[in-house]
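Chain residues, written in single-letter form:
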Amino acid sequence: MDSPLINIMVKAAKKASRGLRRDFNELENLQVMTKGPADFVTASDIRTQNLIYDELLYAKPDWSFVMEESKQIIGSKPNSKFIIDPIDGTTNFMHGNPNFAISIAAEVDGKLEAALIYSPITDEMFLAERGKGAFLNDKRIRVASRKKLSESILITGIPHLGRGDMKLFLKEMEILIPEVAGIRRSGSAALDLAWVACGRYDLFWERGLEAWDIAAGILLIKEAGGYVQGLNGKDNDIWSGNLISGNEDIINNLLKKLEI
Ligand code: IPD
Ligand code: CA
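Note that the structure is a prediction, hence the values are computed from the model and not measured. (Residues numbered from 1 in each chain as written. Chains lettered and ligands numbered in written order. Predicted model: local features only at pLDDT ≥ 70, side-chain atom pairs only at ≥ 80, totals over all residues. Heavy atoms only, no water.)

Here the focus is the environment of asparagine 7. Relative to the helices and strands, asparagine 7 resides in helix H1 (residues 4-24). Taking the C-alpha atoms as reference points, asparagine 7 and isoleucine 218, separated by 211 residues in sequence, lie 20 Å from one another. The residues touching asparagine 7, leaving out its near neighbours within four places in the chain, are Met1 and Asp2. (Helix = DSSP H or I, 4+ residues; strand = E, 2+ residues; numbered from the N terminus. Contact = heavy atoms within 4.5 Å.)

In structure tokens form, the structure reads like this:
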């Protein structure tokens, strides 16, 4: 993976990750602000976003930017954009849990062209480019091929204070828990998708996500031979933030069980 686009994304993420690792080792000094109920932003989110933005803007001064911690920035090329989550898994980060990642996607004319998800603490770099496959630290990755729910590990989000539909979640758990090998919750949707792309989890589903949580992960999954689709009944728009991903059979098996 060494196209000019991927190279600038890698350079930006690697540069920003140095400060993130430093901050992670000094959490007692971390400045935390609240955006809503149990929805936090730290000084590290903002610093990381600014660093990535500066670096990418220098390389692509006419591109647009969609970023978690700011309003959309429209450049002279509105159809070429970076979609950035500086820290996906902010709550983990704040608690000293290393399961968080930088997520950067490049979208041109409505098509995802390149994706990066980087875990600064484990130094795992997930990359994908449209038509060129998906990689973890330079090794080709593929989604798992398990078809049976009884052999599969599922990963999802759990509603919490200020977020999600608890009744629906509990209903789905009641249906799925007796059927599967395990259900996990990691706290970073970007890493969840990356881990589905490399077969560590068999299937991911979650509702209420934002473009920056999922854009890079969507391309990774597709380039790893997997599927991503909407979870909202007939409307198959994954950008609604309600999505499911894995191999085609496991997705269909789960949707059948949930009667979606
Ligand atoms: C969150 C994580 C989490 C998901 C939440 C997201 P953030 O992103 O991806 O796994 O369940 O919906 O908001 O706030 O840590 O960037
Ligand atoms: Ca996020």
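One pass over the structure, following the stated rule, counts 15 salt bridges. Here glutamate 113 makes a salt bridge to arginine 130, at a shortest N to O gap of 2.9 Å. You can see glutamate 113 sitting in strand S6 (residues 111-119) and its partner arginine 130 sitting in the loop between strand S7 (124-129) and strand S8 (133-136), a full 17 residues away along the chain. Between lysine 148 and glutamate 151 there is a salt bridge, with the nearest N and O atoms lying 4.0 Å from each other. Taken together, the shared-partner salt bridges in this structure form one network comprising Lys11, Lys15 and Glu55. (Salt bridge = Lys/Arg side-chain N within 4 Å of Asp/Glu carboxyl O.)

It is worth spelling out helix H7 (residues 248-258) at this point. Those residues of H7 that fall on the buried side of the exposure criterion are Ile250, Ile251, Leu254, Leu255 and Leu258. When H7 is viewed along its axis, its buried side chains cluster within an angular range of 130° and face the same direction. In the core, the buried residues of H7 are packed alongside strand S10 (153-156), helix H4 (166-176), strand S12 (203-206), strand S13 (227-230) and strand S14 (243-246). Measuring from the side-chain oxygen of the N-cap residue of H7 to the backbone nitrogen of aspartate 249 gives 3.0 Å; that N-cap residue is asparagine 247. (Buried < 20%, exposed > 50% of the residue type's maximum accessible area, 1.4 Å probe, protein only. Arc of directions from axis to C-beta. Polar contact = N/O pair within 3.5 Å; in protein donor to acceptor, adjacent residues only side chain to side chain.)

Along any regular strand the residues' side chains alternate between the sheet's two faces. Alignment of strand S1 (residues 32-36) against strand S2 (residues 39-42), held across four bridges, turns out to be antiparallel. Note that in S2 the partner of valine 32 across the bridge is threonine 42. Two successive antiparallel strands, S1 and S2, enclose a turn made up of two residues, where alanine 38 displays a positive phi of approximately 50°. (Pairing = 2+ DSSP bridges.)

On to the side chain of glutamate 172, then. Position of glutamate 172 relative to the elements: it lies in helix H4. For glutamate 172, the side chain forms a polar contact with the side chain of tryptophan 205, separated by 2.9 Å. Excluding anything up to four places from it in sequence, glutamate 172 contacts Trp205, Arg207, Leu258 and Ile260.

Per the domain assignment, the segments of the protein chain are domain 1 (4-140) and domain 2 (149-258). Summarising the inter-unit geometry, the C-alpha centres of domain 1 and domain 2 are found 21 Å apart. Each partner contributes residues to the interface: domain 1 has 37 residues there, and domain 2 has 25 residues. Roughly 2,200 Å² is buried in total at the junction of domain 1 and domain 2, and carbon and sulfur atoms are behind 67% of that figure. When the buried area of domain 1 at its contact with domain 2 is split by residue, Leu112, Ile117 and Phe126 rank highest and sum to 23% of it. Across the contact surface, domain 1 and domain 2 share one salt bridge. Here glutamate 124 ties to arginine 200 by a salt bridge, and the two come within 2.8 Å at their closest N and O atoms. Remark: the boundary between domain 1 and domain 2 carries nine residue pairs in polar contact (both at pLDDT 80 or more). When contributions to the side of domain 1 that touches domain 2 are tallied by element, the ones reaching two or more residues are strand S3 (63-67), strand S4 (77-88), strand S5 (101-108), S6, S7 and S8. The element contributing the most residues to the side of domain 1 that touches domain 2 is S6, with seven residues. (Domains from an automatic or database assignment. Buried area = accessible area lost by both parts, 1.4 Å probe.)

This paragraph deals with the coordination of the calcium ion (ligand 2). The coordination sphere of the calcium ion (ligand 2), as far as protein atoms go, consists of Asp85 (OD), Asp88 (OD) and Asp213 (OD), spread over 2.1 to 2.2 Å. When the donors of the calcium ion (ligand 2) are listed by position in the chain, the intervening gaps give D-x2-D-x124-D. In this structure, aspartate 85 and aspartate 88 share a single accessibility class: buried. (Donors = N, O, S within 2.8 Å, 3.2 Å for Na, K, Ca; no water.)

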